[in-house]
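Observations on the three-dimensional arrangement
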Amino acid sequence: MPTAPAPTLETHATDALFAALETELALGASRGADLLAPHAKGGLERAARHLTQTDGAIALFTGFYVAHAAQPAAETDGPLAVMAIAEALHALGRDVVVVTDTPCAPVLDPLIREAGLPGSTLLALDHADSLQDELNARGVRTVFSIERPGRAIDGRCYSMRGRDLSAHTLAFDAAFHPRSGFMRLAAGDGGNEIGMGALPKSALFTHVDQGQTIASATGADALIIAGVTHWTSYALAAAMAQLAPDQAPVWRDAVSDVREHHRLAAALKAGAVDGVTGQATPTIDGFALSTHLAKRDALFAVPRPA
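Source: prediction; values computed, not measured. (Residues numbered from 1 in each chain as written. Predicted model: local features only at pLDDT ≥ 70, side-chain atom pairs only at ≥ 80, totals over all residues. Heavy atoms only, no water.)

With that settled, consider the overall build of the protein. A count of helices and strands for the protein gives twelve helices and ten strands. In terms of overall dimensions, the protein is globule-like: its C-alpha atoms have a radius of gyration of 18 Å, near the 19 Å expected for 306 residues. Taken along its principal axes, the extent of the C-alpha atoms in the protein is 55 × 40 × 40 Å. Taken over 306 residues, the protein has a buried fraction of 54%. Considering only contacts in the protein between residues 6 or more positions apart, those separated by 24 or more positions represent 75%. Counting every atom, the protein has about 12500 Å² of accessible surface; 53% of that belongs to carbon and sulfur. When the 23 basic and 33 acidic side-chain charges of the protein are each reduced to a single mean position, those positions are 1 Å apart. (Helix = DSSP H or I, 4+ residues; strand = E, 2+ residues; numbered from the N terminus. Rg over C-alpha atoms; globule rule 2.2 N^0.38 Å. Buried < 20%, exposed > 50% of the residue type's maximum accessible area, 1.4 Å probe, protein only. Contact = heavy atoms within 4.5 Å. Areas by Shrake-Rupley, 256 points an atom, 1.4 Å probe, with all protein chains shown as cover. Lys, Arg positive; Asp, Glu negative; His and termini not counted. Charge placed at Lys NZ, Arg CZ, Asp CG, Glu CD.)

This is how it looks when you write it as structure tokens:
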């Protein structure tokens, strides 16, 4: 039997970098992401490496509908990170599909047009029966869920406060079934999103408020845990400096101050609301954009191996 290659100093340095990135990524919010993150160790590196090495189209899933808001709409967390990733991948010549459901489409559609991406980038569905065929027809090989509700053990979708979202949320979990044929990436911050089923139930039930009810049962091949899911795009941009230096400038530009401010303004103009407050304010999960940009800078400042 062939033996595995012995670890090198470079391997150890890369492992240390990603461990530091994952630790920083999970800090700074209050929903227990820092306690869940150790159970998803290595997810950021696996996801980032896959994005640099794979071919075929990538489907980015997002959209968390805030039905209890005064003006119900998709929340700001999720779509903005998806757009940063979509813009970077598109600039690198990759085929991208942004997948959401009809209630969240009014926010995603203007963001895609504002970014100058093809109109066909958006796949907004009002039923999930055609999802697999749609993805196959577009040549999708990788699915990546970023802040999208996942089905709990009882088959329903829940908010972090235990509200049943099923009447307003199309379940896309079938695309993340282990036998779907896709490479499955996911990112979340609260335990109730697609991908969180990759974590041990003991961790979800212990560290997530109402975890036995709201925790997603849908897993992923690589799971990224963030204090706020929006930071996923920052972590990927920071990771590319190590894994794909030639691509790093594109990723950094995608999360620049100018682009981040522009996306948030465009999302609010389209009717998006903060998922924590339910208000149409220039915030993401209750934090001003300046707080998010400070997290971006902290991730970029994580020391690279010499």
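On we go.
Attention shifts here to helix H5 (residues 105-114). Taken as a whole, H5 has its buried residues at Ala105, Val107, Leu108, Pro110, Leu111 and Ile112. Next to the buried residues of H5 lie strand E3 (73-74), helix H4 (79-91), strand E4 (96-101), strand E5 (122-125) and helix H11 (257-269). After H5 finishes, the residue Gly116 shows a positive phi value of roughly 80°.

With that out of the way, let us pick up the packing of H4 against H5. Interaxial distance between H4 and H5 falls to 11 Å at its minimum, and their mutual angle equals 30°. On the basis of the axis angle, H4 is roughly parallel to H5. Here the hand of the crossing between H4 and H5 comes out right-handed. Residue-level contacts link Pro79, Leu80 and Met83 of H4 to Leu108, Leu111 and Ile112 of H5. (Axes fitted to C-alpha atoms, helices over the stretch in contact; angles between N-to-C directions. Parallel < 35°, antiparallel > 145°, perpendicular 65-115°, else oblique. Left-handed = near helix turned anticlockwise from the far one by under 90°.)

This part is about the environment of Asp154. Checked against the element boundaries, Asp154 lands in the loop between strand E6 (140-146) and strand E7 (183-188). Put simply, Asp154 and Thr52 are 102 residues apart on the chain and 36 Å apart in space, counted from C-alpha to C-alpha. A distance of 2.9 Å separates the side chain of Asp154 from the backbone nitrogen of Arg156, its partner in a polar contact. (Polar contact = N/O pair within 3.5 Å; in protein donor to acceptor, adjacent residues only side chain to side chain.)

Phe144 and Trp251 are the most contacted members of the largest nonpolar core, which totals 60 residues. Per-element tally for this core: the top contributor is H4, with nine residues. For Trp251, the contacting residues outside a window of four places in its chain are Leu51, Ile85, Ala88, Leu89, Leu92, Leu236, Ala237 and Met240. Ala26, Tyr158, Ile214 and Ala215 belong to the second-largest nonpolar core, a separate cluster that totals 18 residues. (Core = buried A, V, L, I, M, F, W, Y, C linked by side-chain atoms within 4.5 Å.)

What follows concerns H4. In this model H4 runs 18 Å from its N-terminal to its C-terminal C-alpha over 13 residues, within 8% of the 18 Å that 1.5 Å per residue would give. Most of H4 sits out of view: eleven of its 13 residues are buried. Three or more residues of H4 are buried, namely Pro79, Leu80, Ala81, Val82, Met83, Ala84, Ile85, Ala86, Glu87, Ala88 and Leu89. Positive phi appears at Gly93, one or two residues downstream of H4, with a value of about 85°. (Expected span 1.5 Å × (residues − 1).)

Scanning all chains against the criterion turns up two aromatic pairs. Between Phe61 and Phe172, the aromatic rings sit 5.5 Å apart at their centres with planes inclined by 65°, giving edge-to-face as the arrangement. Separated by 111 residues along the polypeptide, Phe61 in strand E1 (residues 57-61) and Phe172 in the loop between E6 and E7 bring together distant segments of the chain. Look at Phe61 and Phe176: their rings are 5.2 Å apart centre to centre, the planes differ by 75°, and that puts the pair in the edge-to-face class. (Phe/Tyr/Trp six-rings, centres within 6.5 Å; stacked < 30°, edge-to-face > 60°.)

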